[in-house]
Amino acid sequence: MRIIAGKARSLPLKTPAGFETRPTSDRIKETLFNMLMPYLPGCVFVDLFAGSGQIGIEALSRGAKKAYFAENGREAFACVSDNVKFAKMTEDAVLLKQDVYTALYGIHEKEADVIFADPPYEGGHYEKLLSVLRDRSYVTEDTLLVFEADLRRDFGFAGDYGFYVEKEKCYKTNKHVFLRKGVL
């Protein structure tokens, strides 16, 4: 795994051992960031269930001004910390070693521009995330939420929480769902 583009291009990144995280492949990451490029320069990026931190680090490499990394796993958090230091991005990174839902209350920004979440596919995390995010002042109609999910996951429930699906990008085994606050 490596940083694909930007100021830290080609730097290798660590991944946590075991099966508790699902690192995003370089091909999928490149597709995702091609879609995110218009939003990245100078943005505030939030990486939830950060795993290795590769998504937030890629955002910083491509021009985000600040990235929050929320990760509760001991080994994964150590990996995020090591990767941020190795990429020389500590000044632009805020590492939150805590439960993601608690971390959402520790973000003190006027606006978060992009919020990326790659939670465990099972466990009701998508609904819970939207429930918490709808009441956070930094989530505005301009904030782009990107959730990584299983291909079969239907996001028809998003409207119940005040969000709508702007688009979905499907891959072989998973997809990225792009959401915004408001009504379509």
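These notes cover the structure that comes with them.

Criteria and cut-off values
Counting restarts for each chain, with residues numbered from 1 along the sequence as it is written. Residues qualify for local features only when their pLDDT is at least 70, as the model is predicted, and side-chain atom pairs are given and counted only at 80 or more; totals for whole chains, interfaces and linings, by contrast, use all residues. Side-chain numbers come from the whole structure's heavy atoms, not from hydrogens or water. By the criteria applied, helices consist of DSSP H or I runs no shorter than four residues and strands consist of E runs no shorter than two, each listed in order from the N terminus. Our radius of gyration looks at C-alpha atoms and nothing else; its globule reference is 2.2 Å times the residue count to the power 0.38. Buried residues are those whose accessible area, probed at 1.4 Å on protein chains only, stays under 20% of the maximum for their type, while exposed residues exceed 50% and partly exposed ones sit between those limits. In this analysis, two residues are considered to be in contact whenever any of their non-hydrogen atoms come within 4.5 Å of each other. Throughout, the Shrake-Rupley method with a 1.4 Å probe supplies accessible areas, and for residues the shown protein chains are the sole cover considered. In this text, buried Ala, Val, Leu, Ile, Met, Phe, Trp, Tyr and Cys residues form a nonpolar core when linked through side-chain atoms within 4.5 Å.

Here we look at the overall build of the protein chain
Consideration 1: Counting its regular elements, the protein chain contains 5 helices and 7 strands.
Consideration 2: Of the regular secondary structure in the protein chain, the N- to C-terminal order runs α-β-α-β-α-β-α-β-α-β-β-β.
Consideration 3: Taken over the C-alpha trace, the protein chain has a radius of gyration of 15 Å; the compact-globule value for 184 residues is 16 Å, and the two agree within 12%.
Consideration 4: Oriented by its inertia axes, the alpha-carbon framework of the protein chain measures out at about 40 × 35 × 30 Å.
Consideration 5: Classification of the 184 residues of the protein chain by burial places 51% in the buried group.
Consideration 6: Excluding contacts between residues fewer than 6 apart, the proportion of contacts in the protein chain whose partners are at least 24 apart in sequence is 65%.
Consideration 7: Total accessible area on the protein chain stands at roughly 8800 Å², and carbon and sulfur atoms take up 49% of it.

Topic: the nonpolar core
Consideration 1: Counting residues in hydrophobic clusters, the biggest one holds 32 residues, and the most contacted among them are Leu48, Leu104, Ile115, Leu129, Leu133, Leu145 and Phe147.
Consideration 2: Where this core is concerned, the elements lending two or more residues are strand E1 (44–48), strand E2 (66–70), helix H4 (100–103), strand E4 (114–117), helix H5 (125–133), strand E5 (144–150) and strand E7 (174–181).
Consideration 3: The greatest single-element share of this core, amounting to 5 residues, is contributed by H5.
Consideration 4: Excluding residues that lie within four positions of it along the chain, phenylalanine 147 makes contacts with Ala117, Tyr126, Leu129, Leu130, Leu133, Phe155, Lys175, His176, Val177 and Leu179.
Consideration 5: Among the nonpolar cores identified, the runner-up in size contains 26 residues, and Phe45, Leu60, Val84 and Phe116 belong to it.

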